[in-house]
Amino acid sequence: MKIGIIGAGNIGGNLTRRLTALGHDVSVANSRGPQTLTELAKETGATPVEVTEAARGAEVVVVTIPLKAVPDLPSGILDGAAEGVAVIDTGNYYPQQRDGRIDAIEDEGITESRWTERRIGHPVVKAFNGTYAQDILDRPLPAGAPGRIALPVAGDDEAAKAKVRSLIDELGFDTVDAGGIDDSWRQQPDTPVYGLRGGVDEVTRALAAASPERPAAFRG
């Protein structure tokens, strides 16, 4: 599968490592340009590209950048993507720690991923936002293995969500359907599932236990 990754930080870098190892054709981009990705490309075999080229021909695109950087993405970043492309949003809103106040999230009460998809002009599937980056390398297990970690996955496009869940299974993790993007507050920072290294049952219970009220530490 052709996969584009926008963002080469901890999550983006480790997804690049795992997905190339699984045989996928990965293009990776960051804000500083492909010349800064030479080492990652040499290590993994991924193709470093400009942000505007990351989605070209891709069946899956991963957007894994700070939330405050989403409005700076070039318009049309998904131009040239494959028909039916699934866009994974791994982002989190950290107003006090990194992003500053984002009025639409705070005042309208929309989820972080709804805000992101409005800015990129395409539906997203929220996944990996509460995953420890190192676990992507260290904790994959075969399907059915005891201790296999489950990840919550939210999205409105059922076909895209199914594609993402299948890819996560291939990476070595179970998934739990966390509902649509308007339900994705259940996996935002400081919810019970955020950072949880649990199986399907634990993740399901954690999602159900979440409160819709944004915690004070994550308000701008």
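Higher on the page you've got the structure.
Residues numbered from 1 in each chain as written. Predicted model: local features only at pLDDT ≥ 70, side-chain atom pairs only at ≥ 80, totals over all residues. Heavy atoms only, no water.

## Looking at the environment of Leu 137
Heads up, the condition is: Note on conventions: DSSP H or I runs of at least 4 residues are helices, E runs of at least 2 residues are strands, and numbering of each starts at the N terminus. What makes two residues a contact is simply this: any of their non-hydrogen atoms within 4.5 Å.
Along the chain, Leu 137 turns up in helix 6 (residues 133-138). Those residues in contact with Leu 137, other than ones at most four positions away along the chain, are Asn 14, Arg 17 and Arg 18.

## Re helix 1 (residues 10-21)
Selection criterion: A helix's residues, less one, multiplied by 1.5 Å, set its expected span. When accessible area is computed with a 1.4 Å probe and restricted to protein chains, residues below 20% of their type maximum are described as buried, those above 50% as exposed, and intermediate ones as partly exposed.
Its twelve residues give helix 1 an end-to-end C-alpha distance of 17 Å, which sits within 8% of 16 Å, the value for a rise of 1.5 Å per residue. Counting buried residues along helix 1, nine of its twelve residues qualify, which places the element largely inside the surrounding structure. Taken residue by residue, helix 1 has Ile 11, Gly 12, Gly 13, Asn 14, Leu 15, Thr 16, Arg 18, Leu 19 and Thr 20 as its buried positions. On its buried face, helix 1 sits against strand 1 (2-6), strand 2 (25-29), helix 2 (38-44), strand 4 (60-63), helix 6 and helix 7 (158-171). Phi for Gly 23, located one or two positions after helix 1, is positive at around 100 degrees.

## Some points on the environment of Thr 20
For clarity, the threshold we go by: Distance and chemistry together define a polar contact, namely a pair of N or O atoms within 3.5 Å, with one atom able to donate a hydrogen and the other to accept it when in protein, and with adjacent residues in sequence counting only for side-chain atoms on both sides.
Within the element layout of this structure, Thr 20 appears in helix 1. Taking the C-alpha atoms as reference points, Thr 20 and Gly 180, separated by 160 residues in sequence, lie 29 Å from one another. Setting aside residues up to four positions removed in sequence, Thr 20 forms contacts with Val 26, Thr 44 and Ala 46. There is a polar contact of 2.7 Å between the side chain of Thr 20 and the backbone oxygen of Thr 16. Polar side-chain contacts of Thr 20 include one of 3.5 Å to the backbone oxygen of Thr 44.

## As for the packing of helix 1 against helix 7
Stated precisely, the cut-off is as follows: Every angle, taken between N-to-C directions, lies between 0 and 180 degrees, and every axis is a line fitted to C-alpha atoms, over only the stretch in contact when it is a helix. Working definition: roughly parallel below 35 degrees, roughly antiparallel above 145 degrees, roughly perpendicular at 65 to 115 degrees, and oblique for all remaining angles. Here the term charged refers only to Asp, Glu, Lys and Arg, the term nonpolar to Ala, Val, Leu, Ile, Met, Phe, Trp, Tyr, Cys and Pro, and the term polar to all other amino acids, Gly among them.
It is at 10 Å that the axes of helix 1 and helix 7 come closest, and there the two elements cross at 80 degrees. It follows that helix 1 is roughly perpendicular to helix 7 by the angle criterion. On helix 7, the residues touching Leu 15, Arg 18 and Leu 19 of helix 1 are Leu 167, Glu 170 and Leu 171. Of the residues assigned to the contact of helix 1 with helix 7, the class counts are four nonpolar, no polar and two charged.

## Some thoughts on the environment of Gly 199
For Gly 199, the location among the structural elements is in the loop between strand 8 (174-177) and helix 8 (200-208). Once the C-alpha coordinates of Gly 199 and Ile 149 are considered, the two residues, 50 residues apart in sequence, prove to be 4.9 Å apart. Once residues within four sequence positions are removed from consideration, Gly 199 is found in contact with Arg 148 and Ala 150.

## Considering the nonpolar core
Going by this rule: Only buried residues count toward a nonpolar core, which is a set of Ala, Val, Leu, Ile, Met, Phe, Trp, Tyr and Cys residues joined through side-chain atoms within 4.5 Å.
Ranked by size, the top nonpolar core spans 28 residues in total, and within it Ile 5, Leu 15, Leu 19, Phe 128, Val 164 and Ile 168 carry the most contacts. For this core, the secondary-structure elements that each account for two or more residues are strand 1, helix 1, strand 2, strand 4, strand 5 (86-89), helix 6, strand 7 (150-155) and helix 7. No other element matches the five residues that helix 7 contributes to this core. The contacts of Leu 19, once residues within four sequence positions are left out, are Ile 3, Ile 5, His 24, Val 26, Leu 167 and Leu 171. The next biggest cluster of nonpolar side chains, apart from the first, holds 27 residues, and it includes Leu 73, Ile 77, Ile 102 and Ile 181.

## Regarding the pattern of salt bridges
The condition is simple: For this document, the term salt bridge refers to a Lys or Arg side-chain nitrogen within 4 Å of an Asp or Glu carboxyl oxygen.
Within this structure, the stated rule accounts for 18 salt bridges. Where Asp 99 meets Arg 98, a salt bridge forms, and the shortest distance between an N and an O atom there is 2.8 Å. Several salt bridges share partner residues, and in doing so they unite Arg 114, Glu 117, Asp 156 and Asp 182 into one network.

## Observations regarding the side chain of Glu 117
Along the chain, Glu 117 falls in helix 5 (residues 112-120). In this structure, Glu 117 is in contact with His 122, Pro 123, Val 124, Asp 156 and Ile 181, ignoring residues within four places of it in sequence.

## Re the side chain of Arg 18
We count it as follows: Positive charges come from Lys and Arg, negative ones from Asp and Glu, while His and the chain ends are left out of the count.
Assignment of secondary structure puts Arg 18 in helix 1. We note that Arg 18 is buried and unpaired, the nearest opposite charge coming from Glu 170 at a distance of 7.9 Å. A distance of 2.9 Å separates a polar atom in the side chain of Arg 18 from the backbone oxygen of Ile 136. Setting aside residues no more than four positions away along its own chain, Arg 18 makes contact with Ile 136, Leu 137, Pro 140, Glu 170, Leu 171 and Phe 173.

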